[in-house]
Amino acid sequence: MKQLLITILFLNFISLYGQNCDCQKEFDFLVKKIENDYAGFRDKVNNTNKKEYNKHTETFRKKSINTRTFQRCTMVLEEWLAFFNDKHLSLEIEKNIYFTYKRIDSNAILLRIPSFSWDRKEMIDSLILKNKKEITSTPILIIDLRGNGGGTDYSYLELLPLIYTHPYQSKGVEWWASQGNISYFEKAIKEGNIKKGKEDETKVFLDSLRKHQNTFVQIDKIDTITRDKTYEMPQLVGVIVDDYCASSCEQFVLTAKNSSKTTIFGTQTLGVLDFSNVVPENLLTDGLRIRYPMTRSSRLPEYPIDNIGIKPDVEITLPANLNTRSEIDDWVILVNKFLQNKLK
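Residues numbered from 1 in each chain as written. Predicted model: local features only at pLDDT ≥ 70, side-chain atom pairs only at ≥ 80, totals over all residues. Heavy atoms only, no water.

K.L.:
Please explain the pairing of strand 7 (residues 173–176) as it appears in this structure.
P.N.:
Two elements, strand 7 and strand 13 (residues 289–297), share three bridges in a ladder whose sense is antiparallel. Its bridge partner being in strand 13, Trp175 is matched across the sheet by Thr295. As paired elements, strand 7 and strand 8 (residues 216–217) share two bridges and run antiparallel to each other. What sits directly across from Trp176, in strand 8, is Phe216. (Pairing = 2+ DSSP bridges. Helix = DSSP H or I, 4+ residues; strand = E, 2+ residues; numbered from the N terminus.)

This is the structure in structure tokens:
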């Protein structure tokens with residue numbers, strides 16, 4: 001017998017979402033769909049728990065009223081669905097966002113980067129280095145990071161010289177020097193799992209952890225970042241984000257805010273940055289792993305980002321678009337117009 005998977009498809013509804021998405025309308029649609037068509041509804045909701053279900057539904061309907069962005073709305077819907085404790089009930093969100101380098105017009109270039117994962121670094125570097133001459137002779141650069149859930153800071157290093165305008169402070173992170181974390185790096189060195197060229201640096205780092213066990217160790221002190229060169233062009237940089245932007249994507253946004261020629265456009269980011277440098281560790285059962293952060297940001301406690309996000313300089317209230325592929329969509333057109341006006 002075929003297993004039936006009940007999937008709430010968002011493919012037809014993605015265009016409804018924007019900074020001011022109607023999450024309550026989407027929530028009510030989902031509730032009606034489940035109550036009317038879900039085969040398990042009458043078994044899951046009965047006389048013994050009907051009041052609990054109604055209270056649960058009303059709680060999340062109220063949450064939906066105050067939810068304005070796509071990613072956060074899906075979180076509300078998923079939390080509501082958890083009441084049924086049925087793994088066949090799931091949300092499916094289609095994202096078709098391609099790595100893109102494209103000239104928009106004579107004054108502007110689009111660089112779309114939907115991931116900063118390590119395995120995409122070579123592609124990102126290639127897009128930038130291959131087109132660097134054109135980028136540095138064009139007035140406007142738009143960096144589209146929608147759908148970018150992060151990865152590693154190393155993946156965006158080639159972007160930083162393009163947006164740099166003046167020296168700025170970088171606070172870095174503090175490493176928790178537990179015995180388990182020390183053992184993790186000892187094993188990585190022994191098995192040759194350190195990034196090439198970082199072996200000696202890692203050994204010095206490990207010595208510092210050993211000397212300060214069970215405390216936080218700040219390897220990179222608060223530092224002033226200074227570059228030998230600034231590019232006259234691009235004159236203006238627009239960075240587009242949505243509430244999928246998390247982790248390394250948010251770190252790039254924080255760095256970009258130090259550039260006087262850069263403006264952040266879009267929605268509030270997701271808010272997953274205070275505790276980072278995530279590593280995998282095996283649990284007792286073969287094939288079962290936990291991923292956990294080893295560091296906390298030196299921004300804390302003054303400037304927390306987790307579960308808050310980073311507010312853009314210019315909010316975009318257009319419908320969300322997770323199917324941009326390599327196209328120039330309404331978000332990019334809006335940002336380009338805004339920056340073109342600043343050029344005049």
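K.L.:
Is there a simple way to think about the packing of helix 1 (residues 23–37) against helix 4 (residues 70–81) in this case?
P.N.:
A pair of packed helices can be characterised by two numbers: the angle between their axes and the separation between those axes. One can describe the packing of helix 1 onto helix 4 by two numbers: an axis separation of 10 Å at closest approach and a directional angle of 30 degrees. Between helix 1 and helix 4, the angle is such that the two are roughly parallel. The way helix 1 lies across helix 4 gives a crossing that is right-handed. Judged by residue contacts, Cys23, Glu26, Phe27, Leu30, Val31 and Ile34 of helix 1 engage Cys73, Leu77, Trp80 and Leu81 from helix 4. Partitioning the contact of helix 1 with helix 4 into residue classes produces nine nonpolar, no polar and one charged. (Axes fitted to C-alpha atoms, helices over the stretch in contact; angles between N-to-C directions. Parallel < 35°, antiparallel > 145°, perpendicular 65-115°, else oblique. Left-handed = near helix turned anticlockwise from the far one by under 90°. Contact = heavy atoms within 4.5 Å. Nonpolar A, V, L, I, M, F, W, Y, C, P; charged D, E, K, R; others polar.)

K.L.:
I would appreciate a short explanation of the sheet that holds strand 14 (residues 314–315) in the present structure.
P.N.:
Neighbouring strands of a sheet are bound in pairs by backbone hydrogen bonds; such pairs are parallel or else antiparallel. One open sheet holds the six strands; their spatial order is 3-4-5-10-11-14, and the pairing between them is mixed. Strands with a single pairing partner mark the edges of an open sheet, and in this sheet they are strand 3 (100–105) and strand 14. Bridge count for strand 11 (residues 262–266) against strand 14 is two bridges, and the pairing is parallel. Within strand 14, the residue paired with Phe265 across the bridge is Val314.

K.L.:
How should unusual backbone geometry be read in this particular structure?
P.N.:
With glycine set apart, most residues show a phi of negative sign, and most peptide bonds adopt trans. In this structure, Pro234 follows Met233 across a cis peptide bond, with omega equal to 5 degrees. Looking at the secondary structure, you find Pro234 in the loop between strand 9 (223–225) and strand 10 (236–241). Look at the link from Leu300 to Pro301: it is a cis peptide, with omega at 0 degrees. You will see that Asn214, though not glycine, has its phi angle at about 65 degrees, which is positive. Position of Asn214 among the secondary structure elements: in the loop between helix 9 (199–211) and strand 8. The phi dihedral of Asn277 is positive, around 55 degrees, even though this residue is not glycine.

K.L.:
It is not clear to me how the state of the cysteines should be interpreted in this structure. Could you clarify?
P.N.:
Enumeration according to the criterion identifies two disulfides in this entry. Residue Cys245 pairs covalently with Cys249 via a disulfide, S to S 2.1 Å. A torsion of -105 degrees about the S-S bond marks the disulfide between Cys245 and Cys249 as left-handed. For the pair Cys245 and Cys249, a shared accessibility class is recorded, and that class is buried. (Disulfide = S-S within 2.5 Å. Buried < 20%, exposed > 50% of the residue type's maximum accessible area, 1.4 Å probe, protein only.)

K.L.:
Just to check I follow, could you spell out helix 11 (residues 330–343) for this structure?
P.N.:
Each α-helix winds once per 3.6 residues, and so residues spaced three or four apart point in a common direction. For helix 11, with 14 residues, the first-to-last C-alpha span of 20 Å sits near the 20 Å given by 1.5 Å per residue. Listing the buried residues of helix 11 in full gives Trp331, Val332, Val335, Asn336, Leu339 and Gln340. In a view along the axis of helix 11, the buried residues occupy a sector of 160 degrees, so they form one face of it. Turned more than 90 degrees from where helix 11 packs its buried face, Asp330, Lys337 and Asn341 sit exposed. (Expected span 1.5 Å × (residues − 1). Arc of directions from axis to C-beta.)

K.L.:
I tried to follow empty space enclosed by the protein on my own but got confused; where do I start?
P.N.:
One way to see where empty space is left: roll a probe the size of a water molecule over the atoms. Counted by the stated rule, this structure contains two cavities of 30 Å³ or more. Size it by volume and the largest cavity reaches roughly 90 Å³. Around the largest cavity sit twelve residues that line it, and Phe70, Asp242, Asp243, Ala320 and Trp331 are the ones nearest its centre. Among the residues forming the lining of the largest cavity, the class breakdown is five nonpolar, four polar and three charged. In this structure, the second largest cavity occupies an estimated 50 Å³ of space. In terms of residue class, the lining of the second largest cavity is made up of four nonpolar, five polar and one charged. (1 Å grid on protein atoms, 1.4 Å probe; cavity = no way out; pocket = protein on both sides within 12 Å on 5 of 7 lines; lining within 4 Å. Points joined across faces, edges and corners; volume = space filled by probe spheres on them.)

K.L.:
So what exactly am I meant to see when it comes to the pairing of strand 11 here?
P.N.:
In regular strands, side chains alternate between the two faces of the sheet. Across the five residues that make up strand 11, a large majority, five, are buried. The alternating pattern of strand 11 places Thr262, Ile264 and Gly266 on one face and Thr263 and Phe265 on the opposite face, and all of these are buried. Sheet topology places strand 10 next to strand 11; five bridges connect them, and they run parallel. The residue of strand 11 that forms the bridge with Gly238 is Thr263. Since strand 10 and strand 11 lie parallel, the crossover through helix 10 (residues 248–256) that links them has a hand, and here it is right-handed. (Right-handed = clockwise from strand over helix to strand, strands pointing away.)

K.L.:
Would you take a moment to explain the packing of helix 3 (residues 50–65) against helix 4 for this structure?
P.N.:
Put simply, helix 3 and helix 4 touch, their axes get as near as 10 Å, and they point 175 degrees apart. Looking at the two axes, helix 3 sits roughly antiparallel to helix 4. Judged by residue contacts, Tyr53, His56, Thr57, Phe60, Lys63 and Ser64 of helix 3 engage Val76, Glu79 and Trp80 from helix 4. Its residues assigned to classes, the contact of helix 3 with helix 4 shows four nonpolar, three polar and two charged.

K.L.:
Looking at this structure, how should I read the pattern of salt bridges?
P.N.:
When charged atoms on two side chains of opposite charge get close, those side chains can pair. The final tally for this structure, using the stated rule, is 17 salt bridges. We note a salt bridge from Glu134 to Arg103, for which the minimum N-O separation is 3.0 Å. Taken together, the residues span a long stretch of sequence, with Glu134 in helix 6 (residues 132–135) and Arg103 in strand 3 at a distance of 31 residues. Lys121 is paired through a salt bridge with Asp125; the nearest N and O atoms lie 3.0 Å apart. Placement of the pair is Lys121 and Asp125 together in helix 5 (residues 121–130), with a separation of four residues, close to one helical turn. Across the pair, Asp125 and Lys121 agree in class, each one buried. (Salt bridge = Lys/Arg side-chain N within 4 Å of Asp/Glu carboxyl O.)

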